[in-house]
Amino acid sequence: MSEVFMYADETGNLDYNIAGGGSKYFGIGTATFEGDHHLALWEGHRLRLAHSRAGLAFPRGYHAKNDNHRTRTEVYDVIKAQAPRFDTTFLAKENAYDSVRNKGDLYLYRMAWFLHFKEIAKQVTVQGDTLYVVVATLGTSARKRAFEAAIREVCEDHAPSRRDVVVCHWDSCTSWGLQVADYGLWAVQRKLERGDDSFMEAVQPTLRTFFTPWGTAQKK
């Protein structure tokens, strides 16, 4: 029996107004570490300390979309050495059925998490394992509670048999693992949407799944 740690983040907005500036995809990405990974967590902490010593403050941790090129390169260097397992699921919103669109943004979030979790949880665990699912918080207080309830519902209803699943809903700034998931998802998203694989070198070797169950969005 082992302990497995799955850190999850999301990308894209949850509305279908793509022509009005909304994202083409809503995506879920996970970075998974098996067993004790305290050294990986310490290395992420140590990197922030080194940046602080150099006069660069990251009080909210790392976020690939906002960090500059040099910071991204340094973070990806650490991630590449740690080599967690990456998995991604992207839903092309323009291909959603009307029946799905009409159910709103929370349903889209739950659908993405369901399609991702039900497959990846089976792949990263065996019977008897404990799976810690650490998910980045999203939205205001009321929406956070709704999204957390959706996550817990999926994990309780669709966890593989004889696994003990523990769900944690944390702010991304509190966890290096969540920041790793963010960085992995961002790199894959850039390749999917823009054909830009500049940062895939750190992610590709351990990217185990790239799932687009609704197909791909039209390129314009």
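The rules behind these values
Residues numbered from 1 in each chain as written. Predicted model: local features only at pLDDT ≥ 70, side-chain atom pairs only at ≥ 80, totals over all residues. Heavy atoms only, no water. 1 Å grid on protein atoms, 1.4 Å probe; cavity = no way out; pocket = protein on both sides within 12 Å on 5 of 7 lines; lining within 4 Å. Points joined across faces, edges and corners; volume = space filled by probe spheres on them. Helix = DSSP H or I, 4+ residues; strand = E, 2+ residues; numbered from the N terminus. Nonpolar A, V, L, I, M, F, W, Y, C, P; charged D, E, K, R; others polar. Buried < 20%, exposed > 50% of the residue type's maximum accessible area, 1.4 Å probe, protein only. Contact = heavy atoms within 4.5 Å. Polar contact = N/O pair within 3.5 Å; in protein donor to acceptor, adjacent residues only side chain to side chain.

Caption draft 1: Geometry of empty space enclosed by the protein. Within this structure, the stated rule accounts for one cavity of 30 Å³ or more. Taken as a whole, the largest cavity spans an internal volume of roughly 40 Å³. Taken together, Ala8, Asp9, Glu10, Ile28, Tyr109, Trp113, Val135 and Ala136 make up the lining of the largest cavity. Of all the elements in the fold, those that place two or more residues in the lining of the largest cavity are strand S1 (3-11), helix H4 (104-124) and strand S4 (130-136). A breakdown of the residues in the lining of the largest cavity according to their chemical character gives six nonpolar, no polar and two charged.

Caption draft 2: Quick peek at the environment of threonine 11. By secondary structure assignment, the location of threonine 11 is in strand S1. Of the residues examined, threonine 11 reaches a relative accessible area of 12% and is grouped as buried. With residues up to four places along the chain from it excluded, the contact list for threonine 11 reads Tyr25, Phe26, Gly27, Phe90, Leu185 and Gln189. Engagement of the side chain of threonine 11 in a polar contact is seen with the side chain of glutamine 189, the distance being 3.1 Å.

Caption draft 3: Up close: the layout of surface pockets. Roughly 730 Å³ of internal volume is contained in the largest pocket. Lining the largest pocket are 31 residues, and of these Thr11, His63, Lys65, Asp182 and Trp186 lie nearest its centre. Counting residues per element, the lining of the largest pocket draws most heavily on helix H6 (residues 176-194), at seven residues. Tallied by class, the residues present in the lining of the largest pocket amount to six nonpolar, 12 polar and 13 charged.

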